[in-house]
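# Breakdown of the fold
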Amino acid sequence: MTQTLAAATMAAYRRAAGCIAVITLTNPPVNTLSYLLRESFYETFRRANADAEVKAIVICGADGKFCGGADIKEFAGKFSGPSLVALIDDVEQSKKPVVAAIEGMALGGGLELALGCHYRIAHTKAQVGFPEVTLGLLPAAGGSQRLPRLITLTSALELITTGRRISAPEALKLGIVDKVTDKNALDMAIDFARDIIGKPLESRRLSLRTTPCPPDVESFLDEALASIRKHSRGAIAPLACLQAVRASVYSTFDEGLKKEQELFKMLLTSGQARALQYSFFAQRATKKWSMPSGATWKNTSARPLRKAAVIGLGTMGRGITVALIKAGIPVIAVEMGLKQLEAGKTVIMSMLEKEFKKKQLTKAYREMAAFTLDLAKLQEVDLVVEAVFENMSLKKQIFQQLSSLCSADAILCTNTSTLDIDEIASVTTTPHLVVGMHFFAPAHVMKLLEVIYGPRTSPTAVATAMQLAQQMEKVGVVVGNCNGFVGNRMFKLYAEQAYFLLEEGAIPEQVDQVLEDFGFPMGIFKVSDLSGLDIEWKIRQEQGLTGPKQIPGGSFRHRAGGRYSPLLDILCERGYLGQKTGQGWYLYEKPGGRVPTFNLWLHKFLEEYRELHGIQKHYVGQDEILERCLYPLINMGFHILEERIAASPEDIDIIYVFGYSWPRHWGGPMFYASMVGLPRVLDKLNYYHEIHPDIPTLEPSSLLKKLVANGSPPIGTWGAFIKEHNSKL
Ligand SMILES: CCCCCCCC(=O)CC(=O)SCCNC(=O)CCNC(=O)[C@H](O)C(C)(C)COP(=O)(O)OP(=O)(O)OC[C@H]1O[C@@H](n2cnc3c(N)ncnc32)[C@H](O)[C@@H]1OP(=O)(O)O
Ligand SMILES: NC(=O)C1=CN([C@@H]2O[C@H](COP(=O)(O)OP(=O)(O)OC[C@H]3O[C@@H](n4cnc5c(N)ncnc54)[C@H](O)[C@@H]3O)[C@@H](O)[C@H]2O)C=CC1
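Residues numbered from 1 in each chain as written. Chains lettered and ligands numbered in written order. Predicted model: local features only at pLDDT ≥ 70, side-chain atom pairs only at ≥ 80, totals over all residues. Heavy atoms only, no water.

## Topic: the site of ligand 2
Test applied: Near is defined per residue: the residue qualifies when any heavy atom it owns lies within 4 Å of the molecule or strand. Within 3.5 Å is the distance limit for a polar contact, defined as a pair of N or O atoms, with the added protein rule that one can donate a hydrogen and the other accept it, and that residues adjacent in sequence qualify only through two side-chain atoms. Methods summary: accessible areas were calculated by the Shrake-Rupley approach with a probe of 1.4 Å, and residue burial reflects only the protein chains presented. Secondary structure follows DSSP: runs of H or I at least 4 residues long count as helices, runs of E at least 2 residues long count as strands, and numbering of each begins at the N terminus. Polarity classes work like this: nonpolar for Ala, Val, Leu, Ile, Met, Phe, Trp, Tyr, Cys and Pro, charged for Asp, Glu, Lys and Arg, and polar for all others, with Gly in that last group.
Taken together, 23 residues surround ligand 2, and among them Met316, Glu335, Glu390, Lys395 and Ser417 come closest. Met336 is positioned such that a nitrogen or oxygen atom in its backbone is 3.5 Å from a nitrogen atom of ligand 2. Its free accessible area being 830 Å², ligand 2 has 82% of it covered by the protein chains. For the shell around ligand 2, the secondary-structure elements that each account for two or more residues are helix 13 (315–326), helix 15 (392–405) and strand 15 (434–439). Broken down by element, the shell around ligand 2 gets its largest block of residues, three residues, from helix 15. Considered class by class, the residues forming the shell around ligand 2 number 12 nonpolar, eight polar and three charged.

## A look at the pairing of strand 1 (residues 10–16)
What counts, and what does not: Two strands form a pair only when DSSP identifies at least two bridges running between them.
By the bridge criterion, seven bridges tie strand 1 to strand 2 (residues 20–26) in an arrangement that is antiparallel. Along strand 2, the bridge assignment pairs Arg15 with Ala21. Between the antiparallel neighbours strand 1 and strand 2 lie three residues, among them Ala17 with a positive phi of about 45°.

## What to know about the domain arrangement of the protein
Often, the extent of an interface is quoted as the loss of accessible area on bringing the components together. Short version of the rule: Segmentation of the chain into domains, including their bounds, is taken from an automatic or database domain assignment. Here, two residues are considered to be in contact whenever any of their heavy atoms come within 4.5 Å of each other. What gets called buried area is simply the loss in accessible area from a 1.4 Å probe that two parts show on being joined, summed for both. For this analysis, a salt bridge means a side-chain nitrogen from Lys or Arg found within 4 Å of a carboxyl oxygen belonging to Asp or Glu.
Entries for the protein in the domain assignment read domain 1 (2–268), domain 2 (308–483), domain 3 (506–612) and domain 4 (622–726). Here the C-alpha centroids of domain 1 and domain 4 sit 40 Å apart. Of the residues lining the interface, four residues belong to domain 1; the matching set on domain 4 comes to four residues. Buried surface at the junction of domain 1 and domain 4, both sides included, amounts to about 240 Å², of which 42% is carbon and sulfur. Between domain 1 and domain 4 we count zero salt bridges in total. At the boundary of domain 1 and domain 4, one finds two residue pairs in polar contact (both at pLDDT 80 or more). Across the side of domain 1 that touches domain 4, the residue classes tally to one nonpolar, two polar and one charged.

## Considerations on the side chain of Arg120
Keep this limit in mind: Burial status follows relative accessibility: with a 1.4 Å probe on protein chains alone, a residue under 20% of its type maximum counts as buried, one over 50% as exposed, and anything between as partly exposed. As used throughout, the charge tally considers Lys and Arg to be positive and Asp and Glu to be negative, leaving His and the chain termini uncounted.
Within the fold, Arg120 resides in strand 6 (residues 119–123). Buried and unpaired, Arg120 has no salt bridge, with Asp178 as the nearest side chain of opposite charge at 4.2 Å. Within polar-contact distance, the side chain of Arg120 engages the backbone oxygen of Ala114 at 2.9 Å. Reaching out from Arg120, the side chain makes a polar contact with the backbone oxygen of Ile176 at a distance of 2.7 Å. Setting aside residues up to four positions removed in sequence, Arg120 forms contacts with Ala100, Ile102, Ala114, Leu115, Leu150, Ile176, Val177, Asp178, Lys179 and Arg204.

## Some words on the nonpolar core
Note the following rule: Note on terminology: a nonpolar core comprises buried Ala, Val, Leu, Ile, Met, Phe, Trp, Tyr and Cys residues joined through side-chain atoms within 4.5 Å.
The biggest cluster of nonpolar side chains holds 105 residues, and the ones touching the most others in it are Leu378, Trp585 and Phe638. Of the residues forming this core, the biggest block, 10 residues, is contributed by helix 24 (residues 622–642). The contacts of Leu378, once residues within four sequence positions are left out, are Ala309, Ile311, Ile332, Val334, Leu402 and Cys406. Counting residues in each nonpolar core, the second largest holds 70 residues, with Val54, Leu135, Cys241 and Leu268 among its members.

## Concerning the pattern of salt bridges
One pass over the structure, following the stated rule, counts 34 salt bridges. We note a salt bridge from Arg246 to Glu218, for which the minimum N-O separation is 2.8 Å. With Arg246 in helix 10 (residues 237–250) and Glu218 in helix 9 (residues 217–231), this residue pair connects regions lying 28 residues apart in the sequence. Overall, the relative accessible area of 32% leaves Glu218 in the partly exposed class. The shortest N-O distance in the salt bridge between Glu386 and Lys395 comes to 2.6 Å. Because the salt bridges share partners, they merge into one network encompassing Glu503, Glu504, Arg557, Arg563, Glu624 and Arg628.

## Let's talk about the sheet that holds strand 7 (residues 127–129)
Taken in spatial order, the three strands make up an open sheet running 5-7-8, and their pairing is mixed. Looking at strand neighbours, the two that pair on one side only are strand 5 (105–107) and strand 8 (166–167), the edges of this open sheet. Across three bridges, the pairing between strand 5 and strand 7 is parallel. For Leu107, the partnering residue across the bridge sits in strand 7 and is Gly129.

## Focus: the UniProt feature "domain: 3-hydroxyacyl-CoA dehydrogenase C-terminal" (unreviewed entry) in the protein
Under the convention used in this document: UniProt positions are given in the numbering used here, feature names are shortened, and annotations may be inferred rather than shown by experiment.
As annotated in UniProt, the feature "domain: 3-hydroxyacyl-CoA dehydrogenase C-terminal" (unreviewed entry) corresponds to residues 484–588 and 625–712 in the numbering used here. Across residues 484–588, the secondary structure splits into 51% helix and 4% strand, with the terminal C-alpha atoms separated by 30 Å. Note that residues 625–712 is 67% helix and 0% strand, and that its end C-alpha atoms are spaced 25 Å apart.

## Comments concerning helix 25 (residues 649–659)
Counted residue by residue, helix 25 has 11 buried out of 11 residues, so it is predominantly covered. Buried residues of helix 25: Pro649, Glu650, Asp651, Ile652, Asp653, Ile654, Ile655, Tyr656, Val657, Phe658 and Gly659, and no others. Following helix 25 by one or two positions, Ser661 has its phi on the positive side, about 55°.

## Some points on the site of ligand 1
In the region of ligand 1, 26 residues are neighbours, and Gly109, Glu112, Glu132, Arg165 and Arg284 sit closest. The backbone of Ala70 places a nitrogen or oxygen atom 2.8 Å from a nitrogen atom of ligand 1. Here an oxygen atom of ligand 1 sits 2.7 Å away from a polar atom, N or O, in the side chain of Glu112. Compared with its free state, where it exposes 1100 Å², ligand 1 has 78% of that area covered by protein. Elements that contribute at least two residues to the shell around ligand 1 include exactly strand 5, helix 4 (109–116), helix 11 (253–268) and helix 12 (271–287). The biggest single contributor to the shell around ligand 1 is helix 12, with three residues. Residue classes in the shell around ligand 1 are distributed as 14 nonpolar, six polar and six charged.

## Structural notes on the sheet that holds strand 13 (residues 383–386)
Put simply, the test is: Axis definition: a line fitted to C-alpha atoms, over the contacting stretch in the case of helices. Angles run 0 to 180 degrees between N-to-C directions.
Read from one edge of the open sheet, eight strands run 12-11-10-13-14-15-16-17, paired in mixed fashion. The strands lining the two open edges of the sheet, one partner per strand, are strand 12 (369–372) and strand 17 (475–480). Neighbouring strand axes in the sheet, compared pairwise and without regard to direction, differ in orientation by 25° on average. Here strand 11 (residues 331–334) runs beside strand 12; their pairing, made up of four bridges, is parallel. Residue Ile332 lies in a different strand from strand 12, and its bridge partner there is Ala370. Strands in contact with helix 25 are strand 16 (448–453) and strand 17; relative to strand 17, the strand with the most contacts, it is inclined by about 130°.

## Side note on the confidence of the model for the protein
Selection criterion: The pLDDT value tells you how sure the predictor is about a given residue, anywhere from 0 up to 100.
In the predicted model, the protein carries a mean pLDDT of 95, and the fraction of residues at 70 or more is 98%. Low pLDDT (under 50) marks residues 1–6, which in the prediction has one contact with non-local residues, meaning those over four places away or in another chain. Among the prediction metrics, the complex's ipTM stands at 0.93, with pTM recorded as 0.94.

## Details of the packing of helix 27 (residues 678–691) against helix 28 (residues 702–709)
Definition in use: Note on terminology: angles under 35 degrees are roughly parallel, angles over 145 are roughly antiparallel, angles of 65 to 115 are roughly perpendicular, and the others are oblique. Put simply, a crossing is left-handed when the front helix is turned counterclockwise from the back one by less than a right angle, and right-handed when it is turned clockwise.
Where helix 27 contacts helix 28, the two axes come as close as 9 Å, and the packing angle between them is 135°. Comparing their axes, helix 28 and helix 27 come out oblique. Relative to helix 28, the crossing made by helix 27 is left-handed. Taking contact as the criterion, the partners of Leu678, Pro679, Val681, Leu682 and Leu685 in helix 27 are, on helix 28, Leu704, Lys705, Leu707 and Val708.

Okay, structure coming up:
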C-alpha cells in the first residue's frame, strides 16, 4: 500500500511544445504537498531549471486538481523533507518564467505555490483560497506575505482571516489570477508560457513588491482587529492571520516571513489547531457511516429520489420543503387545514423567492412545490418527511395512513426530535423503510441532519437518507434510536444544569456570558428565548414530566427519579414563551423583539422561588457554570458511545459543531473532554455528584471511568475500548 502510494506520489515531468517543461503535481486524491511530493518537486524543478532546452516551466495538478495544500496529517508529526517555503522561493527566483495552470482548486499551500509562480492561469470552475484559518493556522509558506503584495489589503485580509474560497472569475477580478479560461487551462498555460519566454520577470516576483496600503492604514488595521475580536468567538488563528498581514505592511518580505513562521509555530502547538484539524477529518469520517449490522456505503445503495412529500408545514416543514427543492427534488406539501396550508404556502413561496434571488435559481424551482390537504396525492412519491406536532399518537396515525397510501417502496421519514422511531414504524407494513431524519431549525439553513435508524430500519433507508443529506449539502450523521437521539439527549442535560444553576443562585445573564465566552454564539437562555420556551415545555408534557399527563409519584422539584426544575414550566404557564411573547428569561421591547434586556420580574421571581423552596443561594462562579453545563453533556456522550447509539466520538462532535454551534476550535464535546483531560472531567463529575446526589446524570459513566483507568488514551483509540467495554456487558 505504502509502495503504491509512494509510486503514485510525484512531481511528474514532461516536455511540451519543445521548450516547455510541464511539472504535474501528483498525489491523489487532491495532490497535497506531502513530504514525498515536496521531495519529488524539488528534484524535478531543479531538473527543469538546469535543462538548457527548457525555456519556461508550467506547473499543474494531476486529475484536474491543481493542489489541495499541505498534507494536514503531517502537522501532527515532525516536519521533514524540503520546506515548502524554500521550494516556493526556488520557483519565484527561477530565471525561466513559471506559470501555474490551475484547474479544480489551489488551496492553502497550493495557492502559495501558485503565488510563487510568475503567472497564474485558471479554469473558470477552479476555486482558490487560504482555508488555513479554518484549520487553526495561517498561510505559512509566504502566503500571508505575498497575497497582500498582490491585491488590495482589504481583500487579502478578508481572504486570509476568513478562509473564504473564491471562484476563478472572482480571483481574476481581485488580481489573484492573470487569466481565466473555460477551455483547457493547461493548454492555455503552455501557449502563454511560450509567449513570455525572454520577457523580464522582476515585476512578477511578489516578494520584491511592497504592500499597497489604504491612506490611513493604521486605523484600518485597528478596525479590522476590533472586528475580528468581536466575531472570532475566542478563536486565535484569525488574530494571528491579522498579525501576519500587518507584518506584510510594516516589514520587509524576509522579516514578514519570519513573523509568519513564528505565528505558525505558536498556532501549530495550540490546542485550537489540533481541534480544528480533528474536526476536518471527523467531518469526512461521518460521511463513511456504518451500522452495527456492518452496513456501509460499500455494501448498500441509496434509492433514487424523483419526488418527495412533506407533511406539516409549520416551522420545520417549511424549511424542509425549501431544502428539498433547493436540492432539485419536487415536493408535495401537505397540511391538515386550509388555513394552515395557505399560511405554509405563502411562507414557502417567499422563502423560495429569496433563494431564487440569492442563488439565481431558475423559475422552475418555484414551480416544484405543490400544495394539498389530501394525503392520497402521495401515491407516487419516493420519500415522505413527516413534520407534524411532536405527538406520538398523531405521528402513528399519519404513518398508518402513509403505509396504505404510498407505494410499497417509499421511504418514510419522521422529523421527530425525541420520539421512538421504532414505535412509529410499528404501525406501518414497511418498518424497514422507516427512518428518522432529524433536521435542525431553520431546516433550509442548518447544516446538520441526524439520520436515525431503529432496530428494523434497513441499510437502504439509511443510505437513501444519507444520500439525500449530501444532495441537500448537509452533514448527515447516522445514529441509533433512543430518546432525543444524540444531540437532544445530550442537550437536555446542558439545559437542565442551567436551570439548576438558576435555582442555586445564578442569573441567566451570568450563565449566558460564560457560555458565550467559551465560544457559543448565544448562551442557553438566549437560545431558549429565541426558539420559544414552549418547545421544551411540550416535550416535557409528552414525556409525562408536567401538565395534564404528568406521571404521578414525583414532587415539585423531584420527578422521574431525580431532581427536576419546574422553572421553565412556570414561565410557560404564565405565557412567558421567549421572544415571541416579548418575555422569557429576558425581557424584549415587544413581542417578536430581538434584543434581550434585564428581566426584573424574573430576578424577583427567582428570589421568591428560592425562599419558598428553602434553597440556599450560593455564589456560582465561572468555572462552576462551565463545568456544570458542559461535563454532564459530555458524560452523556460517553453513555451514548457505550450504548453504540453513536458509532464514534467524531460523530458526536460533528453533531455538536454543526447542529448546536459548539465552537469548532474546541473540536466538539468529546474532543474537548480529551483536551481538558479525562481525569479532570471524571473528578469534577464525582465532585458535583457528591454535592448533588439527587442528580443521577452527574454520576460518571462507566466508559469514562474505564478510559481514565486505562491512562486516558487519545480520542482516536477510544473505539477499541468501547468495543472491549461492550463485549463485556
Ligand atoms: C515550516 C512549516 C511551513 C508549513 C507551510 C504550511 C503551508 C500551509 O499554508 C498550510 C496548508 O496548506 S494547510 C491545508 C490547506 N488546505 C485545505 O484546507 C484544503 C482541505 N481540503 C479540502 O477543503 C477538500 O478536501 C478539497 C476541496 C480539497 C476536496 O474536497 P472533496 O470533497 O473533493 O474531497 P474530500 O472528501 O474533502 O477529500 C478527499 C480526501 O482527501 C483528504 N484531504 C483533503 N485535503 C487534504 C489535506 N490538505 N491534507 C490531507 N488530507 C486531505 C480528505 O481527508 C479525504 O480523505 P479520505 O476521507 O480518506 O478520502
Ligand atoms: N421546531 C424545532 O426547532 C424543531 C422541531 N422538530 C420536530 O419537527 C416536528 C414539527 O415541529 P414544528 O415544525 O416546530 O411544529 P409546528 O407546530 O410549527 O408545525 C407542525 C405543523 O404540522 C401541522 N399538522 C398537524 N397535524 C397534521 C396533520 N394531521 N396533517 C398535516 N399537517 C398537520 C400543523 O398544522 C402545523 O402546521 C416535531 O416533531 C418537532 O419535534 C425537530 C427539530 C427542530
